[in-house]
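# Fold and contact review
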Amino acid sequence: MKQPIEIDDLLKFRYPSGLMYSPEGRKLAFTVAEADTEKNTYRKNVWLADEHGTRQVTYTTDASALLWISEHELLIRRKGEDEIPGTTALFLYDTEGGEARPYTVLPFVLNSLWKVSEGRFIASGTIDANDPDAYLDGDDVRRKKQEQKEADKDYQVLDEVPYWYNGRGFTNKTRTALFDVDLNRSRIRRITGPYDQVVSTAVDGTDVWFAVSTWERCQVRTAQVKRYRTGTGKASVIYGKQDHRINNLFVLNGKLYAQASDMKTYGVTETGKIVEVTRNSLTFTADPERQLADTAAGDTTLGSGKQCAVDGNVFVTLAADDDRITIREYDTDFRMKIRYDEPGFVLCMDASHGRTALIRQTWNQLCEVCELDEAGRLTQLTHLNDDVLKGKYIARPQHLDYESAGEHLHGWVLLPKDHDPKKKYPAVLDVHGGPRAIYTEAYFHEMQVWASRGYAVFFTNIRGSDGRGDAFADIRGLYGSVDYNNLMDFTDAVLRKYPEIDTGRLCETGGSYGGFMTNWIVGHTDRFCACASQRSIANWISKMFISDNGLWFNADQQGIEHSIFAETDKLWAHSPLKYAMNAKTPTLFIHSDEDYRCPLPEGMQMMQALAVQNIETRMVIFHGENHELSRGGKSSHRIRRLQEITDWFDKHTKEER
């Protein structure tokens, strides 16, 4: 008999990320994280796959693969208790034998690293625009500045927006800068301005191309493209009009390409067209019609990795296509061909010499590293999680088509453990975040826990979701209308197909945009016996001025055309708080006090609006967590979060009422 999936099974999960091939493509490095229950954190270590098999090569508390500098030498980033604040220690691991040894210490917090030549690198790192050359400080000056920071720790000075960012804390005046790191001459030089924010980088030989946004008071969404020549040490502007959002730079067959959007047709989340970038010109090359990234919703990944790579004369990339993440390739004429297309999702990839490494997850398998050969044959390289789900009941997603608002949509139903159509079951509707994200058929831990506990679980990709192009994803000014109707129509379709679901024991939950929708649902229907609203949105007006993306995302998504001050009626019309007076449903609120994407006051407003009406409610606040609680929070917090939601549903579906 199959055993049930338990909440704390997630303590056993191992999470691969960060795939990177060696220069000749004969070796593959990646990072694996796993829970450290004693320290309530995650251990990270470097793994290697080559002709000798797949194996772990570091055994520290925090090590990750960073960059191959030769076919057998791998740079590793490793954190230790003796690390000097504001610096990054790099170690060199030789795959031909020996322990990782110290390589260099960079005098800034490193983000990414690219090799230009032997001993020469381009690095992206974090700087303070008020002190952009702190990397030049000697040890004494660095120590004094650190002492001053410690003395000033009770104060926070803010003079720009956004001044904080989810997962990074207060970011006022911090920028991502580029550095020319020449270890041969023991010289490091910053090559971007104090207020430049580098958003994308491509290194081709001795040329460095980068897209950069520049601001001093209020963040801008557009960018310039510049080129830095390491041979001359000079930078020049290639595209300086600042009229497009520009990212995903890459060089193919000697030409520079990017994804660019003027954001005029579908707003700030519009998919960028692939363009060739030349002197003050963006020449249209291809319309991918899909987001070229992993946008799958899930709760079983930590970290990510490359979303695209250049392999010889082809550009290889992930793509969110309908209900899965596929891998595409484009040749130099930008003719597209599919390399990989299977149900589930791909977290990240790399490509080299015709082969493709990928981390994929399916309906009954957690993330594992796989490889496609030139013939398209798939080989699984790791078996990190084979034992975790062995002998467990894993509900296979049951496909369900339905019609809503003139759209042909589909979703899935997970049937409860020991399902008997003659019995009655409670059920949970789960709504993804985004809204520009997708559900796939891949294993979703919280849903499988509920299925094991006797719930039917159902989920769908409604209007606003990713995977079907910009027109389908565009719900600007429509939040709470077509999307809400889609969910109600889907619920009706599920109940028609599965009459064993008890209509009096329907539950609902969602996070982020799904939290917005939960708050909207409780103000517009009482068909659910219990709801759980996570990292939610209650008031678009308040969120506008406190969240890290409010000033650009809120206005755009809620249909503001001219002024955020003159058109607050639009923001209020789509705010769940406006309709809280109609709520009757017992509602649990889950929030984190360092969530700067959907800040804590959003959940507080909605919770208090229900409490003042004597509606049963409960709020659980997780200290030190952010918007990623369900995916990357401390393991004990993730368990407590899921236990709180499960107990709430059990209370309202299984206890005497």
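Calculation rules
- Residues numbered from 1 in each chain as written.
- Predicted model: local features only at pLDDT ≥ 70, side-chain atom pairs only at ≥ 80, totals over all residues.
- Heavy atoms only, no water.
- Buried < 20%, exposed > 50% of the residue type's maximum accessible area, 1.4 Å probe, protein only.
- Helix = DSSP H or I, 4+ residues; strand = E, 2+ residues; numbered from the N terminus.
- Pairing = 2+ DSSP bridges.
- Right-handed = clockwise from strand over helix to strand, strands pointing away.
- Salt bridge = Lys/Arg side-chain N within 4 Å of Asp/Glu carboxyl O.
- Axes fitted to C-alpha atoms, helices over the stretch in contact; angles between N-to-C directions.
- Parallel < 35°, antiparallel > 145°, perpendicular 65-115°, else oblique.
- Left-handed = near helix turned anticlockwise from the far one by under 90°.
- Contact = heavy atoms within 4.5 Å.
- Nonpolar A, V, L, I, M, F, W, Y, C, P; charged D, E, K, R; others polar.
- Phe/Tyr/Trp six-rings, centres within 6.5 Å; stacked < 30°, edge-to-face > 60°.
- Polar contact = N/O pair within 3.5 Å; in protein donor to acceptor, adjacent residues only side chain to side chain.
- Core = buried A, V, L, I, M, F, W, Y, C linked by side-chain atoms within 4.5 Å.

### Examining the pairing of strand β37 (residues 587–592)
Most of β37 sits inside the fold, with six of its six residues counted as buried. With burial as the criterion, each face of β37 is covered, one bearing Thr-587, Phe-589 and His-591 and the other bearing Leu-588, Ile-590 and Ser-592. In the sheet, β37 pairs with strand β38 (residues 617–622) via six bridges, with the strands oriented parallel. Pairing of Ile-590 across the sheet is with Val-620, part of β38. For the segment spanning β37, helix α9 (residues 600–611) and β38, crossover handedness is right-handed.

### Notes on the pattern of salt bridges
By the definition in use, this model includes 46 salt bridges. Between Asp-333 and Arg-335 there is a salt bridge, with the nearest N and O atoms lying 3.4 Å from each other. Overall, Asp-333 belongs to the exposed group, its relative accessible area being 55%. Between Asp-474 and Arg-476 there is a salt bridge, and its shortest N-O distance comes to 2.8 Å.

### Describing the packing of helix α2 (residues 445–452) against helix α11 (residues 635–653)
It is the contact of α2 with α11, at a shortest axis distance of 11 Å, that shows an interaxial angle of 40°. Between α2 and α11, the interaxial angle falls into the category oblique. Handedness of the crossing formed by α2 with α11: right-handed. In this structure, α2 uses His-445, Glu-446, Val-449 and Trp-450 to contact α11, whose residues at the interface are Arg-641, Leu-642, Ile-645, Thr-646 and Phe-649. Class assignment of the residues belonging to the contact of α2 with α11 gives a composition of five nonpolar, two polar and two charged.

### Remarks on the packing of aromatic side chains
The final tally for this structure, using the stated rule, is 32 aromatic pairs. Arranged with centres 6.3 Å apart and planes meeting at 80°, the rings of Phe-13 and Tyr-443 form a pair that is edge-to-face. With a gap of 430 residues between them, Phe-13 in the segment before β1 (14–21) and Tyr-443 in the loop between β33 (425–431) and α2 connect regions that are remote in the sequence. Of the two residues examined, Phe-13 and Tyr-443, each falls in the buried class.

### Points about the side chain of Asp-36
Position of Asp-36 among the secondary structure elements: in strand β2 (residues 28–36). Judged by its relative accessible area of 10%, Asp-36 is buried. Side-chain polar atoms of Asp-36 contact the backbone nitrogen of Lys-39, separated by 3.2 Å. In contact with Asp-36, not counting residues within four places along its chain, are Thr-41, Tyr-42 and Arg-43.

### Description of the sheet that holds strand β10 (residues 120–128)
Pairing in this open sheet of four strands is antiparallel, and the strands run β9-β10-β13-β14 from one edge to the other. A strand with exactly one partner marks an edge of an open sheet, and here the two such strands are β9 (109–117) and β14 (187–190). Within this sheet the neighbouring strands show an average axis-to-axis angle of 30°, counted without direction. Two strands pair when backbone bridges link them, and β10 and strand β13 (residues 174–182) are joined in this way by nine bridges, in the antiparallel orientation. The partner of Ile-122 across the bridge, within β13, is Asp-180.

### Some thoughts on the sheet that holds strand β15 (residues 196–204)
Across the sheet, which stays open at both edges, the four strands sit in the order β15-β16-β17-β18 with antiparallel pairing between neighbours. Looking at which strands have only one partner, the edges of the open sheet turn out to be β15 and β18 (234–239). Looking at each pair of strands side by side, their axes are set apart by 30° on average, direction ignored. As judged from the eight bridges shared by β15 and strand β16 (residues 207–214), these two strands associate in the antiparallel manner. Looking at the pairing, Ser-200 lines up with Ala-211 of β16.

### Regarding the nonpolar core
Ranked by internal contacts, the top residues of the largest apolar core, which has 96 residues, are Trp-450, Met-517 and Phe-649. Ranked by residue count, the leading element in this core is helix α4 (residues 482–497), at eight residues. Setting aside chain neighbours within four positions, we find Phe-649 in contact with Val-428, Trp-450, Tyr-455, Cys-507, Glu-508, Thr-509, Ala-530, Cys-531 and Ala-532. Of all hydrophobic cores here, the second largest spans 31 residues; its members include Val-316, Leu-347, Cys-367 and Ala-442.

### Some remarks on helix α7 (residues 550–557)
With six of eight residues buried, α7 lies mostly within the body of the structure. Where α7 is concerned, the buried positions are Gly-550, Phe-553, Asn-554, Ala-555, Asp-556 and Gln-557. Each element contacted by the buried residues of α7 is listed here: α6 (540–544) and α8 (568–573). Note on α7: the residue one or two positions beyond its end, Gly-559, has a positive phi of about 80°.

### Focus on the environment of Phe-565
Position of Phe-565 relative to the elements: it lies in the loop between α7 and α8. With relative accessibility at 65%, the residue Phe-565 sits in the exposed group. With 24 residues separating them in the primary sequence, Phe-565 and Ile-541 have C-alpha atoms 9.5 Å apart.

### A few points about the environment of Ile-127
Positionally, Ile-127 belongs in strand β10. Linking Ile-127 and Met-581, residues 454 residues apart in sequence, is a C-alpha distance of 47 Å. Beyond its immediate chain neighbours, meaning those up to four positions away, Ile-127 contacts Pro-132, Lys-173, Thr-174, Arg-175, Ala-177, Phe-179, Arg-190, Gly-193 and Pro-194.

### A look at the packing of α4 against helix α5 (residues 513–522)
Axis separation between α4 and α5 bottoms out at 11 Å; the angle between their running directions is 75°. Considered as vectors, α4 and α5 are oriented roughly perpendicular to each other. Listed contacts from α5 to Asp-483, Tyr-484, Leu-487 and Met-488 of α4 are Tyr-513, Phe-516, Met-517, Trp-520 and Ile-521. Considered class by class, the residues forming the contact of α4 with α5 number eight nonpolar, no polar and one charged.

### Considering the pairing of strand β34 (residues 456–460)
Counting buried positions along β34 gives five out of five residues, so the element sits mostly inside the fold. Here β34 shows no split at all, with Ala-456, Phe-458 and Thr-460 on one side and Val-457 and Phe-459 on the other all buried. Here strand β32 (residues 407–414) pairs with β34 via four bridges, running antiparallel. Across the sheet, residue Trp-412 finds its bridge partner in β34, namely Phe-459. One ladder, built from three bridges, connects β33 with β34; its direction is parallel.

### Re unusual backbone geometry
Cis peptide bonds are those with omega within 30 degrees of zero, and the linkage from Val-161 to Pro-162 qualifies with -5°. Positionally, Pro-162 belongs in the loop between α1 (139–151) and β11 (164–165). Cis geometry is adopted by the peptide bond preceding Pro-435, which originates at Gly-434 and carries an omega value of 5°. With respect to the element layout, Pro-435 can be found in the loop between β33 and α2. Positive phi values are uncommon outside glycine, yet Gln-242 reaches one of about 50°. For Gln-242, the location among the structural elements is in the loop between β18 and β19 (245–252). For Gln-242, a relative accessible area of 36% puts it in the partly exposed group. Here the phi dihedral of Asn-280 falls at roughly 55°; this positive angle occurs in a residue that is not glycine.

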